Amino acid sequence: TSAYPASLEEICSEYRQDHKEIITPEIGHHKEQHDEFSTGLLWKIETDTGESSYLFGTMHSQDRTITQFPPGVRLALSQSHFLIIESIFNEESNKIFLNSIFSIEEKEQDKQKLPDLIEAPIYQYLEETLPDYGVPLEKLPNLKPWAAFTLMGKPKPVNAATLDMVLIQTARSLNKSIIGLETMEELLEPMENLS
């Protein structure tokens, strides 16, 4: 602990953007920022009564450069009562996601297949790409368009935890309560309503 600043306030100040510092009054443009933490990843929010909350900007990524969060984040989490995260991903939510990505129509003739909805070169690209994301080729025609492009837009999955999962694991190790802002059904609802 001697390698880290003495207080959480000092740690947060490293990650905070100060509006006055990044805006040049004369021209109103952002100054060039070259330091690693100039974009405000960890924010401290205080009430008038002195109660504190922390906001940490995350990315859904398995990349080690993303998932190894700064020590100040762990300290902020240890000083918090609970972790509130976008959605808690677990076996049940994964099952809900996997069940929602394929079209299920009662009548075979009513089915609209993915190859009928997108151009042939794009479908061919999906045939080459999506098996890496766990979609078997025989199920590809029934994949919903939003699901195909959601999967394709992510980096290839690796056997590693995302930043959200690392935060959840850290919160559990610190015996913190974990709250999800949205269920998997709520996350998927806007997608399901796409034309």
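Preceding block: the structure.
Attention now goes to the pairing of strand β2 (residues 52-56). Summarising the sheet, strand β1 (residues 42-46) and β2 pair through 5 bridges and their orientation is antiparallel. Along β2, the bridge assignment pairs Ile45 with Ser53. Hairpin connection between β1 and β2: a loop of 5 residues separates the two successive antiparallel strands, and Gly50 in this loop has a positive phi of roughly 90°.

Below, the discussion takes up helix α7 (residues 120-129). Along α7, the residues classified as buried are Tyr123, Leu126 and Thr129. The buried residues of α7 occupy one face: seen down the axis, they fall within an arc of 125°. Exposed and oriented more than 90 degrees from the buried face of α7 are Ala120, Pro121 and Glu128. Residues of α7 that are buried in the fold lie against α6 (114-117) and α8 (145-152).

Two side chains carrying opposite charge are able to pair once their charged atoms lie near each other. Counted under the stated rule, the structure contains 2 salt bridges. Salt-bridge contacts for Glu192 lead to Lys144; the nearest nitrogen and oxygen are separated by 2.8 Å. Of this pair, Glu192 sits in helix α10 (residues 184-192) while Lys144 sits in the loop between α7 and α8, and the two are 48 residues apart along the sequence. Residue Lys144 is classed as buried on the basis of its relative accessible area, which comes to 15%.

Attention shifts here to the packing of helix α4 (residues 71-78) against helix α9 (residues 163-173). Where α4 meets α9, the closest approach of the two axes is 10 Å, and the angle between their N-to-C directions is 45°. Compared by their axis directions, α4 and α9 come out oblique. Here the hand of the crossing between α4 and α9 comes out right-handed. Residues Val73, Arg74 and Leu77 of α4 form the contact with α9, whose participating residues are Leu167, Thr170, Ala171 and Ser173.

Right, let's talk about the nonpolar core for a bit. Counting residues in each nonpolar core, the largest one holds 18 residues, and the members touching the most others are Leu114, Leu130, Leu140 and Leu143. Listed by contribution, the elements that provide at least two residues to this core are α7, α8 and α10. Sorting elements by how many residues they give to this core places α8 first, with 4 residues. Filtering out sequence-adjacent residues up to four positions away, Leu140 remains in contact with Leu114, Tyr123, Leu126, Glu127, Leu130 and Val135. Within the second largest apolar cluster, 13 residues are counted, among which are Leu77, Leu163, Val166 and Leu167.

The next subject is unusual backbone geometry. For Asn175, which is not glycine, the phi dihedral falls at a positive 60°. Here Asn175 lies in the loop between α9 and β4 (177-180).

A few words now on the side chain of Thr170. Relative to the helices and strands, Thr170 is located in helix α9. Residues contacting Thr170, with those up to four places away along its chain left out, are Phe69, Arg74 and Leu77.

Right, let's talk about the environment of Lys176 for a bit. Among the secondary structure elements, Lys176 is positioned in the loop between α9 and β4. Taking the C-alpha atoms as reference points, Lys176 and Leu83, separated by 93 residues in sequence, lie 6.8 Å from one another. In contact with Lys176, not counting residues within four places along its chain, are Leu77, Ser78, Ser80, His81, Phe82 and Ala171. Within the structure, the side chain of Lys176 is placed 3.0 Å from the backbone oxygen of Ser78, a separation counted as a polar contact. Looking at Lys176, its side chain comes within polar contact range of the main-chain oxygen of Ser80, at 2.7 Å.

About the cut-offs
Sequence order sets the numbering: in each chain, residues are counted from 1 along the sequence as written. Side-chain atom pairs in this predicted model are given and counted only at pLDDT of 80 or more, local residue features only at pLDDT of at least 70, and totals for whole chains, interfaces and linings cover all residues. Only hydrogens and water are set aside; all other atoms, that is, all heavy atoms of the structure, feed into the side-chain values. A pair of strands is treated as paired once DSSP finds two or more bridges between them. Helix numbers and strand numbers start at the N terminus; a helix is a DSSP run of H or I with at least 4 residues, a strand a run of E with at least 2. Buried means the residue's accessible area, taken with a 1.4 Å probe over protein chains only, is under 20% of the maximum for its type, while exposed means over 50%, and partly exposed covers the values in between. Taking the helix axis as origin, the arc is that swept by the directions to the C-beta atoms. We call two residues in contact whenever any of their non-hydrogen atoms come within 4.5 Å of each other. Within this document, salt bridges are pairs made up of a side-chain nitrogen of Lys or Arg and a carboxyl oxygen of Asp or Glu, the two lying within 4 Å of each other. Note on definitions: angles span 0 to 180 degrees between N-to-C directions of axes, and those axes are lines fitted to C-alpha atoms, for helices only across the stretch in contact. By definition in this entry, angles of less than 35 degrees are roughly parallel, angles greater than 145 are roughly antiparallel, angles of 65 to 115 are roughly perpendicular, and the rest are oblique. For a crossing to be left-handed, the near helix must be turned anticlockwise from the far one by less than a right angle; the clockwise case is right-handed. What we call a nonpolar core is a set of buried Ala, Val, Leu, Ile, Met, Phe, Trp, Tyr and Cys residues that are connected through their side-chain atoms within 4.5 Å. Whenever a nitrogen or oxygen atom comes within 3.5 Å of another N or O atom, the pair is scored as a polar contact, on the condition that within protein one atom can donate a hydrogen and the other can accept it, and that pairs from neighbouring residues in sequence are kept only if both atoms are in side chains.

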